[in-house]
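Residue-level structure breakdown
Chain by chain, the residues run as shown.
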Amino acid sequence: MVTYGDQAAFISAGGYHHHIGLNTWHSKGASPAPEYAPGLYHTAILYPERKDLAVALKRLIDAKYPVTGASDHGVSEAIYLNDPDGNGVELYWDRPKEDWPVDAEGKLTMFTRRLDIEGLLSLNHDSLD
């Protein structure tokens, strides 16, 4: 929605003034937080539809932004990356609940498998341009 030079950015969905505010007002020049210390593990951003996740992935690829992982969890598909400060970011969409994997007793059976990136990117090419 708005940036303040290289010090802050305010991002939003749907035109609201901001849902997330990012800034370097107290951290500029500081070293990254230790990897194995208490703190934020990652930020997760939920996309409404699979095609929306495909658009985000294509933008990352076009920008040559490094992706650190991509997984199919049965209930969701996720793309993982780090922000410029090294904080983890998960971009994902949830499958409809009726498509979630369950065992014979109806218990949820999540998993972590390789994401079909080619299949994701093959969604409606027109919406990815």
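Residues numbered from 1 in each chain as written. Predicted model: local features only at pLDDT ≥ 70, side-chain atom pairs only at ≥ 80, totals over all residues. Heavy atoms only, no water.

1. A few points about the nonpolar core
Here is the rule we go by: Side-chain atoms within 4.5 Å link the members of a nonpolar core, which is a set of buried Ala, Val, Leu, Ile, Met, Phe, Trp, Tyr and Cys residues. Burial classes: relative accessible area under 20% of the type maximum marks a residue as buried, over 50% as exposed, and values in between as partly exposed (1.4 Å probe, protein chains only). Each helix is a run of DSSP H or I of at least 4 residues and each strand a run of E of at least 2, with the numbering of both proceeding from the N terminus. Residue contacts are counted whenever heavy atoms from the two residues lie within 4.5 Å of one another.
One finds Leu-53, Ala-54, Ala-56, Leu-57, Leu-60, Ile-79, Leu-81, Val-89, Leu-91, Trp-93, Leu-115 and Leu-120 forming the largest nonpolar core, which totals 12 residues. Of all the secondary structure elements, the ones that give two or more residues to this core are α1 (50-62), β6 (76-82) and β7 (88-94). Counting residues per element, this core draws most heavily on α1, at five residues. With sequence-adjacent residues up to four places away left out, Leu-91 is seen in contact with Ile-45, Tyr-47, Leu-53, Ala-56, Leu-60, Glu-77, Ala-78, Ile-79 and Leu-81.

2. A look at the side chain of His-73
Stated precisely, the cut-off is as follows: Polar contacts here mean pairs of N or O atoms no more than 3.5 Å apart (in protein, one a potential hydrogen donor and the other a potential acceptor; neighbouring residues in sequence count only if both atoms are side-chain atoms).
Looking at the secondary structure, you find His-73 in the loop between β5 (67-72) and β6. A distance of 3.2 Å separates polar atoms of two side chains, one belonging to His-73 and the other to Thr-112.

3. Quick look at α1
Condition: Residue count minus one, scaled by 1.5 Å, sets the expected span of a helix.
For α1, spanning 13 residues, the distance from its first C-alpha to its last is 18 Å, which sits close to the expected 18 Å at 1.5 Å a residue. If you check which residues of α1 are buried, you get Leu-53, Ala-54, Val-55, Ala-56, Leu-57 and Leu-60. Looking one or two residues beyond α1, the residue adopting positive phi is Lys-64, at roughly 60 degrees.

Interpretation note: all reported values are geometric properties and have no functional meaning in isolation.
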